[in-house]
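Read off the chains here:
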There are 4 protein chains.
Amino acid sequence: MHFASDNWAGAHPKIAESLSKHADGFAAAYGTSDLDKAVAQTFNEIFERDVAVFFVGTGTAANSLAQATIAKPGGVTFAHREAHLIEDEGGAPGFLTGGARFQAIDGAVGLIHIDNLKGAIKGFAPGNVHAGQPMGVSITQSSEIGTLYELSEIAAISSLCRENGLPLHMDGARFANALVSLGCSPADMTWRQGVEILSFGGTKNGCWCAEALVFMDPAHAREMPFIRKRSAQLFSKSRFIAAQFEAYFADGLWLELAAHANAMAARLADHIEASKKLRLAWQPRANEVFAIMARETSTRLHEAGAVFYDWKPPHSERNLVAENETLVRLVTSFATTPEEIDRFGDLIA
Amino acid sequence: MHFASDNWAGAHPKIAESLSKHADGFAAAYGTSDLDKAVAQTFNEIFERDVAVFFVGTGTAANSLAQATIAKPGGVTFAHREAHLIEDEGGAPGFLTGGARFQAIDGAVGLIHIDNLKGAIKGFAPGNVHAGQPMGVSITQSSEIGTLYELSEIAAISSLCRENGLPLHMDGARFANALVSLGCSPADMTWRQGVEILSFGGTKNGCWCAEALVFMDPAHAREMPFIRKRSAQLFSKSRFIAAQFEAYFADGLWLELAAHANAMAARLADHIEASKKLRLAWQPRANEVFAIMARETSTRLHEAGAVFYDWKPPHSERNLVAENETLVRLVTSFATTPEEIDRFGDLIA
Amino acid sequence: MHFASDNWAGAHPKIAESLSKHADGFAAAYGTSDLDKAVAQTFNEIFERDVAVFFVGTGTAANSLAQATIAKPGGVTFAHREAHLIEDEGGAPGFLTGGARFQAIDGAVGLIHIDNLKGAIKGFAPGNVHAGQPMGVSITQSSEIGTLYELSEIAAISSLCRENGLPLHMDGARFANALVSLGCSPADMTWRQGVEILSFGGTKNGCWCAEALVFMDPAHAREMPFIRKRSAQLFSKSRFIAAQFEAYFADGLWLELAAHANAMAARLADHIEASKKLRLAWQPRANEVFAIMARETSTRLHEAGAVFYDWKPPHSERNLVAENETLVRLVTSFATTPEEIDRFGDLIA
Amino acid sequence: MHFASDNWAGAHPKIAESLSKHADGFAAAYGTSDLDKAVAQTFNEIFERDVAVFFVGTGTAANSLAQATIAKPGGVTFAHREAHLIEDEGGAPGFLTGGARFQAIDGAVGLIHIDNLKGAIKGFAPGNVHAGQPMGVSITQSSEIGTLYELSEIAAISSLCRENGLPLHMDGARFANALVSLGCSPADMTWRQGVEILSFGGTKNGCWCAEALVFMDPAHAREMPFIRKRSAQLFSKSRFIAAQFEAYFADGLWLELAAHANAMAARLADHIEASKKLRLAWQPRANEVFAIMARETSTRLHEAGAVFYDWKPPHSERNLVAENETLVRLVTSFATTPEEIDRFGDLIA
């Protein structure tokens, strides 16, 4: 019953196989091999336009370097209060942008509320050097707590961004999970709604280390080769990231894996809804389930072998959890089995 | 005839196999898995002392973060004029240290000459804030041009470092090649001669992405977990770097691969010494061979299918190359075959 | 009726006179002149201990460099939500620390509430690299909105800091105003309550450009000379900052000027309390008065020649101001006259 | 006999007077006062075009922020080997640009030799992320060692810059001294020869703290307000820097002071040329004289009350100084008197 995180899972067999398949021979280094190029072409096809793709090693790097490409002196990016950019990157976004700031925007269930964003942007009068200057907006899809922006919500945010000259970045560490949940295309979930820069995550969904920064308009990526290099994210044997993506995209593996993880989360949610000992904190829409339970229930579940984390309640939902209760996060992945889920279901029945 | 770089080679089959072997199951993320810990223990054994080991994704990261751990305001690290830190990291060492500087020290055949180092350190009067303050010394073993520091030379440099309170870093992107060439132990080539921080490279010697930063005294690594995270070098599925190192060290594979690469370089050097069309620029001691030839010879070799780079002559050796000549670099690796070498030998005979 | 800011005032005649007095002759540059040393000695006397003093050019520099001396990788300093460090330095604190973050702590009337600070610190589990690591606490005395920490409140915060190994910094842009209001000594308001680093401001209180960073324990300032130089805050003719401080401290001028500014603020507050058109937002304790009034009243006052700023209500006090009302800030200084105050009083009577 | 540095001098009486004159009254802060604007207009007149002017506190700031406005990721600026940017700013240029590098270019008597510059630029192949990318060129006029670029030399360098898309910055810490020596106009020495950004120094020539960054094309300064603020160089009572410049420019005071300093240097050079104990290291063209003498002569002069520094010989001139000799720097200023010069002349006669 491994629900600690989707990054506790390993690599999907087809990913591992692809790494082995490409292990021998010689190829140009630093992202210039034929395989690197072929995978870049696949990204074009997936996004239905010519995009600029840059492989990096970690999600932290993808998010931070996305911000570095839009950084301004005294710059401020707006993100949800619980966004990874703000809470979980150990300061990398500030460090790798050379000092940018990240301002927390509130909103229920992990999603920026557009009125709060509007208010925050308004707080920066043009030319007020003391306050600094807005430089971008970042949303997370699916969010840190397993919820989703509807396409129309993304469009509304990007429209506000355009009015204010702010590029819109999407942290897609769990991009595939969101995609299959909404049932739309990658283009629909990104540039058709105005998203300009995407952190495209493969690691949490069955790769071992495959993250990409995707610029919907390659013109915005002009400085990115130098930004990536100075940030130590240019891999000499970059083709092994490419090899992972090759298998990831082949025959729609990525969507299949994400659909599986989501289905496992839904199955888990069903068990929870049927239980009298737990309740769903909010409706899960991707591969993360948050449940509220008595502390002793949590303890008992841990003792019974379930692996998961207690979670700090999001600021907007802090009143959902009573004094003697705890909020827990349960993450499913490509590697989660129905049996695990049902075993957990039995425990809470 | 692939002599462009050792990072054009792929991954050794045993490395690929280890990745597959560890692909399934669940394990704690961010470097805390059992496998991560086991490999850290192997490092202790290899270095014959308790060291602190941190996996990172690239050699650029290893070198830059090594410098970040010793950084000081206004800090200056001394390195050979052609060191990667100075010439080839795209500014990462300066960026990831928050603005440290790297001062070029001259010395023949890619090696710091201790008198020049002594002079450079003397140039910084204590407390002279205008000049800045020395913060460290970095040497590359084997060097950028395939030469080696003798153990006694490392000891002499580290002795000068100690007198001046400067930590000594070794860029070991080709550590194994140097080790088997000198025929000494890892401990002998590092801390027994006073090296305190080591960039331990596995990528160029048969891994696909396995670099480690090794602190001989774990007390010097106190801030490193935070430095690594803020630099986006903490991998969630870190165990796959560990998996590479596990296979790398098992049964001395790493030394075997390096010995092979060195032997191929020696074989290549023999062919060159026997040739009348080329001459060795200097005696190779690891897996890089530098040769001087007429430009037209270089062109002809390229046409015949040899892959290699023309090389800018090192500053100290700039007079070796005549007007109509070119210097070329030929790199061998674990994947180089005697047949390739001999085919090249036939071409230059 | 100049109430826009205390930095709209000029320089006190005695400050200007001192600059002229020291204008001729030759003296060692970069802070090493006899005058620099004499003023450093005066700081020792004022603080009743041997402190380390560094002159810088702006309050932004003093605050930012204070943070730079305590910076850690992934570091987070806690400050009040409306602190200058967070809201008004244009990103300088993040930039000049190489990427530190500043976490907003709430508390009524511009003052950190210790329970909120305690909770925030607890949010950082030791070794949690994703969250980063606490590096310090900063308080502003007098606060951005003219209120004060009692000595016992400072002591309580510093006690919490010590428990958590966090240095306590005080932003004293209006140090003198706080001091004369509390009627205590500089030592009482700082190190006797556990403050370790002080931004000591002279500019707002009659100097034209005189800010100092004071380390209560000189051992904490070891890297400061290099930090100041690399931040471009080492003035060649530093003795002219010293000259300002010389006059500032002579015969208690600084306390006299602050007492005057505070008295003017109190006089202004009396007028407001007597008025039916305005009300005090909270009780002023230094040289800043905040009043709430109908928007049309504000407009009328501006038209009548009063110079002041509308102010964004502090987060904790955002409900004090009704829809059709505005909050305004009125700042007095050494140069404010009773006549100005009373003219304003007449307008609002 | 004060020849240590022109920044050992104080402030010219007219500068001090202007500070006093503007000391009272109220004025808008942060560079927006009427006086700030009037002085900006004077800069337009002096440069015969609409320039963008930003006051900063130190020469280090002017140089570093000039570089920050042209900074690129992995960026490299070329400057003379002994330029302040490289040797004397304590790392500020690297720090305040967020990690830019400064590559040393050789050239006799403190001046970049254009062939060396050409070669250095060529070393950066477009798109080679490992090497980084050129971002600018900086020249110092007058140079660190009192020599001058002819207008035609500046034009040649700027022409090379334009071919390579590189902005040309001039470090004018001693701008006025160069100007009066060449006898040309500010426009002639800057934008008419292609200089785009100028560090305009007033401090060394009679101000106490007045430095300005001048952008010949205001479009290049778009981000400068935010760069200045985040670097803590925006002064609240900025009008006191303006006040210094007002007096500095009034009735050509600045040119008069520089002409005096240069004349004193020429008078000193005459004494040296007439002496048998010293010789000029090279011909002085501004207000710095470098002389070579026996070490014991230097000692004797110090003992006789002459204040000056021994100087490390420039790299290109390192062979001018024999084993038992020393190179010394003698700087004159607005405050130097003919009597001092002649007293020194007597000593060496």
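Reading the values: the criteria
- Residues numbered from 1 in each chain as written.
- Chains lettered and ligands numbered in written order.
- Predicted model: local features only at pLDDT ≥ 70, side-chain atom pairs only at ≥ 80, totals over all residues.
- Heavy atoms only, no water.
- Helix = DSSP H or I, 4+ residues; strand = E, 2+ residues; numbered from the N terminus.
- Rg over C-alpha atoms; globule rule 2.2 N^0.38 Å.
- Buried < 20%, exposed > 50% of the residue type's maximum accessible area, 1.4 Å probe, protein only.
- Contact = heavy atoms within 4.5 Å.
- Areas by Shrake-Rupley, 256 points an atom, 1.4 Å probe, with all protein chains shown as cover.
- Lys, Arg positive; Asp, Glu negative; His and termini not counted.
- Charge placed at Lys NZ, Arg CZ, Asp CG, Glu CD.
- Salt bridge = Lys/Arg side-chain N within 4 Å of Asp/Glu carboxyl O.
- Least-squares fit on C-alpha atoms with pLDDT ≥ 70 in both.
- Buried area = accessible area lost by both parts, 1.4 Å probe.
- Polar contact = N/O pair within 3.5 Å; in protein donor to acceptor, adjacent residues only side chain to side chain.
- Pairing = 2+ DSSP bridges.
- Axes fitted to C-alpha atoms, helices over the stretch in contact; angles between N-to-C directions.
- Phe/Tyr/Trp six-rings, centres within 6.5 Å; stacked < 30°, edge-to-face > 60°.
- Lys NZ or Arg CZ within 6 Å of the ring centre and 35° of its normal.
- Parallel < 35°, antiparallel > 145°, perpendicular 65-115°, else oblique.
- Left-handed = near helix turned anticlockwise from the far one by under 90°.
- Nonpolar A, V, L, I, M, F, W, Y, C, P; charged D, E, K, R; others polar.

Student: Describe the overall build of chain A, listing the residues and the values that go with them.
Tutor: A tally of regular secondary structure across chain A gives 14 helices and 11 strands. The C-alpha radius of gyration computed for chain A amounts to 20 Å, which stays within 12% of the reference 20 Å derived for 349 residues, consistent with globular compactness. Across its three principal directions, the C-alpha atoms of chain A cover 55 × 55 × 30 Å. Residues classed as buried in chain A amount to 63% of the 349 residues present. Sequence-distant contacts, at least 24 apart, represent 76% of the contacts inside chain A between residues at least 6 apart. Accessible surface, chain A as shown: approximately 11800 Å² in total, 50% of it carbon and sulfur. Computing the positive centroid from 30 side-chain charges and the negative centroid from 40, chain A places the two 4 Å apart.

Student: Please provide a residue-by-residue account of the pattern of salt bridges, values included.
Tutor: The final tally for this structure, using the stated rule, is 44 salt bridges over all chains. Across the pair Arg81 of chain A and Asp106 of chain A runs a salt bridge whose closest N-O atoms are separated by 2.6 Å. Here Asp106 of chain A lies in the loop between strand S3 (101-105) and helix H6 (114-122) and Arg81 of chain A lies in the loop between strand S2 (75-80) and helix H4 (84-87), a separation of 25 residues in the sequence. The partner of Arg174 of chain B in a salt bridge is Glu288 of chain B, and the shortest N-O contact between them spans 3.5 Å. Taken together, the positions of Arg174 of chain B in the loop between strand S5 (168-172) and helix H8 (175-182) and Glu288 of chain B in strand S9 (residues 288-294) put the pair 114 residues apart, joining distant regions of the chain. Judged on exposure class, the residue Arg174 of chain B and its partner Glu288 of chain B are both buried. Through salt bridges with shared partners, a single network forms among Asp6, Arg174, Glu288 and Arg329 of chain A.

Student: Before we move on, can you summarise the relation of the copies chain A and chain B with the specific residues and values?
Tutor: Least-squares fitting of chain A to chain B yields an RMSD of 0.0 Å, with the superposition described by an axial translation of 0.0 Å and a rotation of 180°. Such a turn and shift between the copies fits a two-fold axis. Proximity to the rotation axis, assessed at the C-alpha, singles out Gly57 of chain A in chain A; its C-alpha lies 3.4 Å from the axis. Here 100% of the interface residues in chain A have copies in chain B that are interface residues too; the copies meet face to matching face.

Student: Could you give an account of the interface of chain A and chain B, naming the residues involved and the relevant values?
Tutor: Taken together, the contact pairs 50 residues of chain A with 50 residues of chain B. Of the roughly 4100 Å² buried between chain A and chain B on both sides combined, carbon and sulfur atoms contribute 64%. Contact with chain B buries area across many residues of chain A, yet Phe26, Trp208 and Lys237 of chain A alone supply 22% of it, more than any other trio. Taken together, the connections running from chain A to chain B amount to zero salt bridges. Elements with a minimum of two residues in the side of chain A that touches chain B: helix H1 (13-21), helix H3 (59-70), helix H5 (92-96), helix H10 (224-230) and helix H11 (239-249) of chain A. In terms of residue count, the dominant contributor to the side of chain A that touches chain B is H11 of chain A (four residues).

Student: Summarise the interface of chain D and chain C; cite the residues concerned and give the values.
Tutor: Reports of interface size often rely on the accessible area that becomes lost once the parts have come together. Residue-level contacts link 50 residues of chain D with 50 residues of chain C. Summed over both partners, the interface of chain D with chain C buries about 4100 Å², with 64% contributed by carbon and sulfur atoms. Between chain D and chain C we count zero salt bridges in total. In this assembly, chain D and chain C are joined by 24 residue pairs in polar contact (both at pLDDT 80 or more). Those elements that provide at least two residues to the side of chain D that touches chain C are helix H1 (13-21), helix H3 (59-70), helix H5 (92-96), helix H10 (224-230) and helix H11 (239-249) of chain D. No other element matches the four residues that H11 of chain D contributes to the side of chain D that touches chain C.

Student: Tell me what's going on with the sheet that holds strand S9 (residues 288-294) of chain D, and back it up with residues and numbers.
Tutor: Residue and element names in this part refer to chain D. Overall, antiparallel pairing links the four strands, which are arranged S8-S9-S11-S10 in an open sheet. Two strands lie at the open edges of the sheet, namely strand S8 (278-280) and strand S10 (309-310), each paired on one side alone. Pairing of S10 with strand S11 (residues 325-331) involves two bridges; the strand directions are antiparallel. When the bridges of S11 are listed, Tyr309 appears paired with Arg329.

Student: I'd like to hear about the relation of the copies chain D and chain C, residue by residue, with values.
Tutor: The operation relating chain D to chain C is a screw motion whose rotation component is 180°, with 0.0 Å of axial translation and a residual RMSD of 0.0 Å. Both copies share a contact surface, since 100% of the interface residues of chain D are interface residues in chain C too.

Student: With reference to specific residues and values, describe the pairing of strand S7 (residues 211-215) of chain C.
Tutor: Residue and element names in this part refer to chain C. In terms of burial, S7 is a largely internal element, five of the five residues being buried. Residues Glu211, Leu213 and Phe215 line one face of S7 and the alternating positions Ala212 and Val214 line the opposite face, and both faces are buried. Across five bridges, strand S1 (residues 52-56) lies against S7 in antiparallel orientation. By the bridge assignment for S7, Phe54 is matched with Leu213.

Student: Which residues make up the sheet that holds strand S3 (residues 101-105) of chain D, and what values do they have?
Tutor: Residues and elements named next belong to chain D. Pairing within the open sheet is mixed, and its seven strands lie in the order S1-S7-S6-S5-S4-S2-S3. Strands with a single pairing partner mark the edges of an open sheet, and in this sheet they are strand S1 (52-56) and S3. Neighbour-to-neighbour, the strand axes of this sheet turn through a mean angle of 25°, independent of strand direction. Here five bridges tie strand S2 (residues 75-80) to S3, and the two strands are oriented parallel to one another. Paired with Val76 across the bridge in S3 is Arg101. Against the sheet, helix H2 (residues 34-47) makes contact with S1, strand S6 (197-201) and strand S7 (211-215), and its axis sits at roughly 125° relative to S1, the strand it touches most.

Student: Account for the side chain of Thr297 of chain D, naming residues and giving values.
Tutor: All names here are of chain D. Take Thr297: it is sitting in helix H13 (residues 295-303). Taking the relative accessible area as the measure of exposure, Thr297 reaches 10% and is therefore buried. Dropping the residues within four chain positions of it, Thr297 is found in contact with Lys277 and Leu278.

Student: I'd like a rundown of the packing of aromatic side chains, residues and numbers included.
Tutor: Scanning the entire structure with this criterion turns up 100 aromatic pairs over all chains. Consider the rings of Phe249 of chain A and Trp254 of chain A, whose centres lie 5.3 Å apart with planes at 85°: the pair is edge-to-face. With respect to burial, Phe249 of chain A and Trp254 of chain A carry one shared label: buried. An angle of 85° between the planes, with centres 5.5 Å apart, marks the rings of Phe3 of chain D and Phe344 of chain D as edge-to-face. On the criterion of sequence distance, the pair formed by Phe3 of chain D in the segment before H1 and Phe344 of chain D in helix H14 (residues 338-348) is long-range, its members being 341 residues apart. Assigned by exposure class, Phe3 of chain D and Phe344 of chain D land together as buried. Every member of this aromatic cluster is reached through a ring pair, and the members are Phe43, Phe47, Phe55, Phe175, Phe200, Phe245, Tyr248, Phe249 and Trp254 of chain A. The cationic tip of Arg230 of chain A hangs over the ring face of Phe95 of chain B; the distance from NZ or CZ to the ring centre is 3.9 Å.

Student: Account for the packing of helix H12 (residues 253-274) of chain C against helix H14 (residues 338-348) of chain C, with residues named and values stated.
Tutor: All names here are of chain C. Across the interface, H12 lies against H14 with an axial gap of 9 Å and an inter-helix angle of 10°. Classified by the angle between their axes, H12 and H14 sit roughly parallel to one another. In the crossing of H12 with H14, the sense of the turn from one axis to the other is right-handed. Taking contact as the criterion, the partners of Met264, Arg267, Leu268, His271 and Ile272 in H12 are, on H14, Pro338, Ile341, Asp342, Phe344, Gly345 and Ile348. When its residues are assigned to classes, the contact of H12 with H14 shows seven nonpolar, two polar and two charged.

Student: How would you sum up the environment of Ala108 of chain A? Please name residues and give values.
Tutor: Along the chain, the position of Ala108 of chain A falls in the loop between S3 and H6. Residues Ala108 of chain A and Phe334 of chain A, 226 residues apart in the sequence, show an inter-C-alpha distance of 28 Å.

Student: Can you explain the side chain of Ser185 of chain D? Please cite residues and give values.
Tutor: Residues and elements named next belong to chain D. Looking at the secondary structure, you find Ser185 in the loop between helix H8 (175-182) and helix H9 (186-189). Assessed through its relative accessible area of 17%, Ser185 is described here as buried. Contact partners of Ser185, with chain neighbours within four places excluded, come to Glu48, Leu179 and Arg192.

Student: Describe in detail unusual backbone geometry, supporting the description with residues and values.
Tutor: Gln141 of chain A connects to Ser142 of chain A through a cis peptide bond whose omega is -10°. Examined against the element boundaries, Ser142 of chain A turns out to sit in the loop between strand S4 (133-140) and helix H7 (151-163). In this model, Ala232 of chain A sits at a positive phi of 65°, which is unusual for a non-glycine residue. The topology assignment puts Ala232 of chain A in the loop between H10 and H11. Phi at Val109 of chain B is positive, roughly 40°, even though this residue is not glycine. Among the structural elements, Val109 of chain B can be located in the loop between strand S3 (101-105) and helix H6 (114-122).

Student: How would you explain the environment of Ala291 of chain D if you had to name every residue and give the values?
Tutor: All names here are of chain D. Position of Ala291 among the secondary structure elements: in strand S9. According to the relative accessible area criterion, Ala291 is buried, its value standing at 0%. Along the backbone, Ala291 and Gly252 are 39 residues apart, and their C-alpha atoms lie at a distance of 31 Å. Dropping the residues within four chain positions of it, Ala291 is found in contact with Ile272, Leu278, Arg279, Leu280, Ala281, Thr326, Leu327 and Val328.

Note that every value here comes from positions in space, so none of it alone points to a role or purpose.
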